[in-house]
Structures are given as structure tokens and as C-alpha cells.
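# Summary of the model geometry
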Amino acid sequence: MEECDLLQKCGFFKKYHQTKDLACKGFMKIYCKGPKMNDCKRKKYRIEHGLPPVDDMLPTGQMIKI
Ligand code: SF4
């Protein structure tokens, strides 16, 4: 299975990859290890700003609210 080339250094993935939260898991399935990996807003942010976004920013660009 193909996965995002930023997986190993992505703060979101590192912080949440063991979560039980279904929404988070869903995002990882669709983005980090799925068909929308190139639509990821975190990836775009990194390219535009030259540094990674905060860990709590979702691949959709929204912030996780705990
Ligand atoms: S959140 Fe985005 S940049 Fe991070 S691993 Fe998933 S697809 Fe890649």
C-alpha cells in the first residue's frame, strides 16, 4: 500500500497514528495511506511556508479541538 512520503516526519501522523478516534483514523486512511495524500493541506502548508504546521492541524486544514 502506498503511503505519504512525509509520513515519518509528519507531526499529525506521529501524534495521532495510535489514536482510537475514528475520525482521525479515517483521515489517515484517506490521506496518509490513501488516495487523497496529494490533497493534504498539511503538505501544502509545508511547501508554502517552508516549515511544518502544528501537529493538531488535520489533512483537511481544520484544527483538532480536544
Ligand atoms: S497528514 Fe498529510 S503530510 Fe502528514 S502523513 Fe498524512 S498525508 Fe502526509
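Look up: the structure comes first, before these words.
It should be emphasised that the depicted structure is a prediction, and the values quoted were computed from it without experimental measurement.

Right, let's talk about the pattern of salt bridges for a bit. Between side chains of opposite charge, a pair can form when the charged atoms approach closely. This model, assessed by the stated rule, comprises 2 salt bridges. Between Lys43 and Asp5 there is a salt bridge whose closest N-O contact spans 4.0 Å. Placement of Lys43 in helix α3 (residues 41-49) and of Asp5 in the segment before α1 (11-16) is noted, with a sequence separation of 38 residues between them. Given the relative accessible area of 12%, Lys43 is considered buried. Accessibility expressed as a relative area gives 65% for Asp5, which makes it exposed.

Moving on, we get to the packing of aromatic side chains. Each aromatic ring pair is characterised by the separation of its centres together with the angle its planes make. Counting across every chain of the model gives 2 aromatic pairs. With 6.3 Å between their ring centres and 50 degrees between their planes, Phe27 and Tyr31 make a pair best called tilted. Of this pair, Phe27 and Tyr31 both sit in helix α2 (residues 22-32), 4 residues apart, which is roughly one turn of the helix.

With that settled, consider the environment of Gly61. With respect to the secondary-structure elements, Gly61 resides in the segment after α3. Linking Gly61 and Lys41, residues 20 residues apart in sequence, is a C-alpha distance of 5.2 Å.

Membership of the largest hydrophobic core is limited to 10 residues, which are Leu7, Cys10, Phe12, Phe13, Tyr16, Cys24, Met28, Cys32, Leu58 and Ile64. Those residues in contact with Met28, other than ones at most four positions away along the chain, are Phe12, Phe13, Tyr16, His17, Thr19, Lys33 and Gly34.

In this section: the environment of Leu51. Within the secondary structure, Leu51 sits in the segment after α3. For Leu51, a relative accessible area of 46% puts it in the partly exposed group. In contact with Leu51, other than residues within four places in its own chain, are Tyr45 and Arg46.

Calculation rules
- Within each chain, residues carry numbers counting from 1 in the order of the written sequence.
- In keeping with the predicted nature of the model, local features appear solely for residues at pLDDT of at least 70, side-chain atom pairs appear and are counted solely at 80 or more, and the whole-chain, interface and lining totals rest on all residues.
- Heavy atoms from the whole structure form the basis of all side-chain values; hydrogens and water molecules are not counted.
- When a carboxyl oxygen of Asp or Glu lies within 4 Å of a side-chain nitrogen of Lys or Arg, that pair is called a salt bridge.
- Starting at the N terminus, helices and strands are each numbered in turn, a helix being any DSSP run of H or I of at least four residues and a strand any DSSP run of E of at least two.
- The cut-offs for exposure are 20% and 50% of the maximum accessible area for each residue type, with area from a 1.4 Å probe on protein chains only; residues under the lower value are buried, those over the upper are exposed, and the others partly exposed.
- Aromatic contacts are taken between Phe, Tyr and Trp rings whose centres are within 6.5 Å, Trp giving its six-membered ring; a plane angle under 30 degrees counts as stacked, one over 60 as edge-to-face, and the others as tilted.
- Residues grouped as a nonpolar core are buried Ala, Val, Leu, Ile, Met, Phe, Trp, Tyr and Cys residues, joined through side-chain atoms within 4.5 Å.
- Contacts are assigned to residue pairs that have any heavy atoms within 4.5 Å of one another.

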